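Reading the structure
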Amino acid sequence: MALLPILYYPDSRLHTVAKPVRQVDARIRQLIVDMLETMYEASGIGLAATQVDVHERVIVIDESEERNKPLVLINPELTWSSPDLQVSDEGCLSVPGIYDEVERAAAVKVSALDAEGHSRVIEAEGILAVCIQHEMDHLLGKVFVEYLSPLKRNRIKTKMLKTRRDTERA
Ligand code: NI
């Protein structure tokens, strides 16, 4: 097991579009183990492979209180999204310390492969629906701050760059 380094916004690699996983093999299973460890260590509820600089369609999620219900989505495809929307406060391990409101579908259906390579359908609402849509955006190279106004986004970019400079100097 290994902790993977997380890319921070505005790293341009976060805008890479991930490729489908060809085969759920030992390499992908190891990636999933490492991504779960990285997500739990960072106290996140979701992590996309894009965020650890692996550009393949893999997502891990755990929104349970007990942090013991990992959900693995490989090659996820959105098959339905509800017309009704919900607004919720989102954060992201790639944009630490920043939370803001994003409007998304209130419920979604997604088909994906699990860690064993079996196909399954996930129906989600509430936080899980938000999380799935947020992580699927990462696979398309999109970070949640891109839903915010240009003014807010620029403030976040400046803040993130300053934090990184301060960290490098320390
Ligand atoms: Ni994120």
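Everything here concerns the structure above.
Described in the following lines is the structure provided in the data block. (Residues numbered from 1 in each chain as written. Predicted model: local features only at pLDDT ≥ 70, side-chain atom pairs only at ≥ 80, totals over all residues. Heavy atoms only, no water.)

Once that is clear, we can look at the overall build of the protein chain. Along the backbone of the protein chain there are three helices and seven strands. At 16 Å, the protein chain has a C-alpha radius of gyration in line with the 15 Å of a compact globule built from 170 residues. Along the first, second and third principal axes, the C-alpha set of the protein chain runs to 45 × 40 × 30 Å. When burial is assessed residue by residue, the protein chain has 46% of its 170 residues classed as buried. Partitioning the contacts of the protein chain with sequence separation of at least 6, the portion at a separation of at least 24 is 66%. Summed over all atoms, the accessible surface of the protein chain reaches about 9300 Å², with 52% contributed by carbon and sulfur. Charged side chains of the protein chain number 21 positive and 27 negative; the gap between the two group centres comes to 8 Å. (Helix = DSSP H or I, 4+ residues; strand = E, 2+ residues; numbered from the N terminus. Rg over C-alpha atoms; globule rule 2.2 N^0.38 Å. Buried < 20%, exposed > 50% of the residue type's maximum accessible area, 1.4 Å probe, protein only. Contact = heavy atoms within 4.5 Å. Areas by Shrake-Rupley, 256 points an atom, 1.4 Å probe, with all protein chains shown as cover. Lys, Arg positive; Asp, Glu negative; His and termini not counted. Charge placed at Lys NZ, Arg CZ, Asp CG, Glu CD.)

To continue, consider the coordination of the nickel ion. Protein ligation of the nickel ion involves C92 (SG), H134 (NE2) and H138 (NE2), the donor distances falling in the range 2.1 to 2.2 Å. Considered as a linear motif, the donors of the nickel ion on their single chain read C-x41-H-x3-H. Placement of C92 in the loop between β4 (85-90) and β5 (100-105) and of H138 in helix α2 (residues 126-139) is noted, with a sequence separation of 46 residues between them. Residue C92 is classed as buried on the basis of its relative accessible area of 11%. (Donors = N, O, S within 2.8 Å, 3.2 Å for Na, K, Ca; no water.)

Taken as a whole, this structure holds zero disulfides when the rule is applied. Left without a disulfide partner, C131 is nearest to the cysteine sulfur of C92, which lies 9.9 Å away. (Disulfide = S-S within 2.5 Å.)

Here helix α1 (residues 26-41) is 16 residues long and its end C-alpha atoms lie 22 Å apart, about the 22 Å a rise of 1.5 Å per residue gives. All of the buried residues in α1 are I28, L31, I32, D34, M35, L36, T38 and M39. Along its buried surface, α1 packs onto β1 (46-48), β2 (58-61) and β3 (71-81). One or two steps after α1, the chain reaches S43, where phi turns positive at roughly 55 degrees. (Expected span 1.5 Å × (residues − 1).)

Take the side chain of D11 next. One can find D11 in the segment before α1. Polar contacts involving the side chain of D11 include one to the side chain of R13, which spans 2.8 Å. (Polar contact = N/O pair within 3.5 Å; in protein donor to acceptor, adjacent residues only side chain to side chain.)

Next up on the list: the packing of aromatic side chains. All chains considered together, the criterion is met by zero aromatic pairs. The cationic tip of K142 hangs over the ring face of Y147; the distance from NZ or CZ to the ring centre is 4.1 Å. (Phe/Tyr/Trp six-rings, centres within 6.5 Å; stacked < 30°, edge-to-face > 60°. Lys NZ or Arg CZ within 6 Å of the ring centre and 35° of its normal.)

This next bit is on the pattern of salt bridges. Scanning the entire structure with this criterion turns up nine salt bridges. Where D166 meets R169, a salt bridge forms, and the shortest distance between an N and an O atom there is 3.6 Å. On the criterion of helical spacing, the pair formed by D166 and R169 is a turn pair, its members being three residues apart in helix α3 (residues 150-169). Beyond isolated ion pairs, a larger network of salt bridges with shared partners links D11, R13 and D53. (Salt bridge = Lys/Arg side-chain N within 4 Å of Asp/Glu carboxyl O.)

Position of R104 relative to the elements: it lies in strand β5. Judged by relative accessible area, which is 5%, R104 ranks as buried. Of the polar contacts made by the side chain of R104, one reaches the side chain of E90; its length is 2.7 Å. Once residues lying within four places of it in the same chain are set aside, the contact partners of R104 are D84, L85, Q86, E90, V130, Q133, H134, D137, F144 and Y147.

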